[in-house]
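# Topology and contacts: notes
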Amino acid sequence: MKAWIKAMALLTLCCPVSVIAQSAQPKWRVDLRERYEFQAFDRTINFRWTLHQGVLFLSPDRLLVYQVNRSRGPAKLSARDASGGSGNFILEIKVLNAQDGAEIKSFQLTTNAEFSKVLATRAGRFIVRTGDVLYLYSADFARLASRSLPLQRQAPEEGWQIGVSPSGDEVQLVHQQILKRSAISPSSRVEKAQADIEILSADNLQTIKTFSLPWFLAAWSAADHALLSSSPTTWAPAATFGLLGFDGQWSALMPDWTSAEHPCAYQAVALEHQLFAAFGCGNLSVFPRTGEKLFSIKTGTKEFVGSVLGGGDYLAIQWERRSVRHDTATNTPIAMAQPLRLDLYGLRSSQPLLSVALHHGNIYYAVSQNGALAVVDGTSLELFSPTH
């Protein structure tokens, strides 16, 4: 690991501002509405279930796209199944050949209106959440294991969240209960909460470790052998991210362009090879927990980083333009973000390998181990390759 990091650091260049690559042409394109009757991925978000859609690589050769929709026919009156759904909502899953977009597998699962998600683990396996239950599937689509996500229904607010570590070894579950919020705080600050955390093996969904915290995790994602979370403590700024170990101890993880003495708000995500990406304050960098950063760019003042995703030795950055409009009825300022493009980088260079122009308000994308970039923009699913 250390030798790999040193080699990467030697090859990495620091660029003062982001460089726009020539717009790439897709290797293939699929119209998801025309082929599968999916709705546009930038559909109006008026119910929770309209958020549940996405795209991910199961392996360099297989791509999965999914979306929750209402059942196309009237659902027969029936008891709720393990998902908590009764047939009104369907999770539609399509698995495609990443080389040409040909369909490999198609299936539907009953879900509820609240929670649905698909996450890749490793070796082609994947996790499907349909409401109140998780399923583990093999690379040949056999159901290997399941795990229920029961609610205690004793707190005003309660829910389960799920993540998979970048290595694909661990499934991380966080069961959060908000017990009390401030009645006078403008942001309804959480005053009392509990988080119960379970670490499962991605091979069989068996429990490896459990621990509980008297905290609320406002933002978190799965890292390898830890959770990457916003500060659950009172001594660190709320915008600070850190690593929450399986012993319940939290330690700040701060890029070199911010500090406890001079904090600024930033976002962070875990990558493979035990690396982390942080962006905000006009900067984006990739770095290990200890040691020198491997990748760094300045983000300028007119374009901002909206999100970052990694895959293997590659990094995709979604750029956006931000503005503020005022609601005419209440004169309330509303922050707006318009996606502009996706840039794909190799971590060994600060020059983008390819750039993809974006056209709609909600973009979904994924990066494979070999640097392929899958993008869902509206009803279009496109695959881009740095070698195409």
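Each remark here, short or long, concerns the structure printed above.
Below you will find a few notes about this structure. (Residues numbered from 1 in each chain as written. Predicted model: local features only at pLDDT ≥ 70, side-chain atom pairs only at ≥ 80, totals over all residues. Heavy atoms only, no water.)

## Quick notes on the packing of aromatic side chains
Tallied over the full model, the rule gives 14 aromatic pairs. Pairwise contacts between aromatic rings join Y36, F38, F41 and Y364 into one cluster. The cationic tip of R70 hangs over the ring face of F47; the distance from NZ or CZ to the ring centre is 5.8 Å. The ring of Y135 carries R143 above its face, with NZ or CZ at 3.7 Å from the centroid. (Phe/Tyr/Trp six-rings, centres within 6.5 Å; stacked < 30°, edge-to-face > 60°. Lys NZ or Arg CZ within 6 Å of the ring centre and 35° of its normal.)

## Observations regarding the sheet that holds strand β13 (residues 190-201)
Either a parallel or an antiparallel arrangement is found when strands of a sheet pair, and the pairing is made through backbone hydrogen bonds. A sheet is described by the order of its strands in space; here 4 strands give the open sequence β11-β12-β13-β14, paired in antiparallel fashion. Single-partner strands in this sheet number two, and they are β11 (157-164) and β14 (207-213). With strand direction ignored, the average angle separating the axes of adjacent strands in the sheet is 15°. One ladder, built from 8 bridges, connects β11 with strand β12 (residues 170-181); its direction is antiparallel. By the bridge assignment for β12, G163 is matched with Q172. (Pairing = 2+ DSSP bridges. Helix = DSSP H or I, 4+ residues; strand = E, 2+ residues; numbered from the N terminus. Axes fitted to C-alpha atoms, helices over the stretch in contact; angles between N-to-C directions.)

## Here we look at the state of the cysteines
A complete count under the given rule lists 1 disulfide for this structure. There is a disulfide in this structure between C264 and C281, and the S-S distance comes to 1.8 Å. Disulfide C264 to C281: torsion about the S-S bond roughly 115°, handedness right-handed. In this pair, C264 sits in the loop between β18 (250-252) and β19 (267-270) while C281 sits in the loop between β20 (275-280) and β21 (283-288), placing the two residues 17 residues apart along the sequence. (Disulfide = S-S within 2.5 Å.)

## Some thoughts on the pairing of strand β16 (residues 226-230)
In terms of residue burial, β16 counts as a mostly covered element, since 5 of its 5 residues are buried. Here β16 shows two buried faces, one formed by A226, L228 and S230 and the other by L227 and S229. Examined bridge by bridge, strand β15 (residues 220-223) and β16 share 4 bridges and lie antiparallel to one another. Bridging across to β16, A223 finds its partner in A226. In this structure, the hairpin formed by β15 and β16 is closed by a connection of 2 residues, where H225 is found at a positive phi of approximately 65°. Of the strand pairs in this sheet, β16 and strand β17 (residues 241-244) are connected by 4 bridges, and their pairing is antiparallel. Following the sheet pairing, S229 is matched in β17 by G242. (Buried < 20%, exposed > 50% of the residue type's maximum accessible area, 1.4 Å probe, protein only.)

## Remarks on the sheet that holds β18
Ordered in space as β15-β16-β17-β18, the 4 strands form an open sheet in which the pairing is antiparallel. Of all strands in the sheet, those bounded by a partner on one side alone are β15 and β18. Across the sheet, the axes of successive neighbouring strands diverge by a mean angle of 30°, strand direction being ignored.

## Topic: empty space enclosed by the protein
Within this structure, the stated rule accounts for 1 cavity of 30 Å³ or more. Along its surface, the largest cavity is lined by F115, R129, D132, L149, L151, E158, G159 and W160. Take the lining of the largest cavity: its biggest share by element is 3 residues, from β11. Within the lining of the largest cavity, the residues separate by chemical class into 4 nonpolar, 1 polar and 3 charged. (1 Å grid on protein atoms, 1.4 Å probe; cavity = no way out; pocket = protein on both sides within 12 Å on 5 of 7 lines; lining within 4 Å. Points joined across faces, edges and corners; volume = space filled by probe spheres on them. Nonpolar A, V, L, I, M, F, W, Y, C, P; charged D, E, K, R; others polar.)

## Topic: the environment of A372
Within the fold, A372 resides in the loop between β27 (363-367) and β28 (373-377). Non-local contacts of A372, meaning those with residues more than four positions away in its chain, are made with F57, A366, V367, L383, F384 and P386. (Contact = heavy atoms within 4.5 Å.)

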